[in-house]
Amino acid sequence: MTIIGAISLPQNPPESLRAIARAADEAGLEELWLWEDCFLNGGISAAAAALAWTDNLKVGIGIMPVPFRNVAITAMEIATLDRFSGGRALPGIGHGVQEWMGQVGNRAASPLTLLREYATALRALLRGEEVTTKGRYVNLDAVKLDWPPAQVPPLYVGSTGPKTLALGGEVGDGTILTGGTSPAGVARALGHIAAKAPHEMVVFVPAAFGPGAAERLREQQQRYGVDVPGVSGTTEEMAAGLREFVAAGATKLILQPTPDDPDPVGFVRQVAEEVRPLFD
C-alpha cells in the first residue's frame, strides 16, 4: 500500500507546528515529515513536540545532517523519540547542504566516508549493541545505549547522486528523494540502489491546492531548478500525477507545500481527507 503523507516546512514559524500536527493527526494523516534546514527549526526538538502532541501520527525527520551531531547523541535522541512515542518516529540522515556545513565549521572532506561510518555506527547503537570503532570521522569506545529502542526504527538516507544512492541502499532501510524529482528520476535512483528488499522509496512531491496552485508550483520549479513542478488541479488530477511516481517505484509520497502556502493546517487536512482516500 502506498503511504501518503505531508510536510510541515521549516519556513513555518515553530509555534505553528502544534496546530499542523494536531490537524494531521485528527484528519488521519499517516505521516508528517519535518526538515532540519539551516538555520530554521531543529529537527529533533520539532519531532519530539509533534509526537507528544499527537496519538497516531508518524513523524519523519528528513533529514538530520550527519556533520551536525556526534553519532552517540543522535542515537540517544532517536531512541528517546522511539520509546516515548511507541515507535512513531521515522529518522532520516544525510550529508546536509555542504555550504551550510561549511558555515558551522563541519564540512567533511569526504561526505561519503562520514555518512558510511555514521550510519553503520548508528544502526548498531540502535540495535542495542556496544560499539567500538575508530574511523576517519566516527570514533566510539565501548558506547552502548542504556535505553535502546523497543523495536529498531527504520533508518532513511537522503540521497541525490549515484554514489550516495548506492550507499543508502547499503546502510539504510529507505531512501529519501528531494522534492522536484520526476518519476523518471525515481526510476533512475532505483537503478543505483543495490538493496535487499524491502527498501522504501520516500519521495517528496511538491503539491498545491486552490486558485493559482499551478502557477505557484511553476515559480518554485524555476526558482530551484527542479525536474518537475509537482501536482495540482483537482484531487483526481493530483492522484493521477502521484500514481506516476508509484509506477516508477515510490512507496511513500510525501506532499510538499510551497513556502508561500497560505494555509499549512488546511494543506495537511486536504492531503489526508481528499488525496489519501483515492489510494485506498
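What you see is a predicted model, and the numbers here were worked out from it, not measured in a lab.

A.B. asks: Looking at this model, I keep getting lost on the packing of aromatic side chains. Mind explaining?
C.D. replies: In this description, an aromatic ring pair is defined by two values, namely the gap between the centres and the angle between the planes. Here the structure, examined in full by the defined rule, presents four aromatic pairs. Measuring from centroid to centroid gives 5.5 Å for Trp-33 and Tyr-156, while their planes differ by 80°, and the two rings are edge-to-face. Remark: Tyr-156 occurs in strand S7 (residues 156-158) and Trp-33 occurs in strand S2 (residues 31-34); sequence separation between them is 123 residues. With respect to burial, Trp-33 and Tyr-156 carry one shared label: buried. Three or more aromatic residues joined by ring pairs form one cluster here, namely Trp-33, Trp-35, Tyr-156 and Phe-204. Here Arg-243 stacks its cationic end above the ring of Phe-279, 5.0 Å away from the centre of that ring.

A.B. asks: I'm lost on the pairing of strand S10 (residues 252-256) in this one. Help?
C.D. replies: Where a strand is regular, its side chains alternate between the two sheet faces. Of all five residues in S10, five are buried, a share of seventy percent or more. Here S10 shows two buried faces, one formed by Lys-252, Ile-254 and Gln-256 and the other by Leu-253 and Leu-255. Both strand S1 (residues 3-8) and S10 contribute to a ladder of four bridges, which runs parallel. The residue of S10 that forms the bridge with Ile-4 is Leu-253. By the bridge criterion, five bridges tie strand S9 (residues 200-206) to S10 in an arrangement that is parallel. Considered in S10, the bridge of Val-205 is made with Leu-255.

A.B. asks: It is not clear to me how helix H2 (residues 43-53) should be interpreted in this structure. Could you clarify?
C.D. replies: Side chains that are three or four residues apart share a direction in an α-helix, a result of its 3.6 residues per turn. Listed as buried for H2 are Gly-43, Ile-44, Ala-46, Ala-47, Ala-50 and Leu-51. All buried residues of H2 fall inside an arc of 160° around its axis, so they share one side. Residues of H2 that are exposed and point more than 90 degrees away from the buried face comprise Ser-45 and Ala-52. Residues of H2 that are buried sit in contact with helix H1 (17-27), S2, strand S3 (58-65), helix H3 (71-85) and strand S4 (89-94).

Definitions and limits used
Residues numbered from 1 in each chain as written. Predicted model: local features only at pLDDT ≥ 70, side-chain atom pairs only at ≥ 80, totals over all residues. Heavy atoms only, no water. Phe/Tyr/Trp six-rings, centres within 6.5 Å; stacked < 30°, edge-to-face > 60°. Helix = DSSP H or I, 4+ residues; strand = E, 2+ residues; numbered from the N terminus. Buried < 20%, exposed > 50% of the residue type's maximum accessible area, 1.4 Å probe, protein only. Lys NZ or Arg CZ within 6 Å of the ring centre and 35° of its normal. Pairing = 2+ DSSP bridges. Arc of directions from axis to C-beta. Contact = heavy atoms within 4.5 Å.

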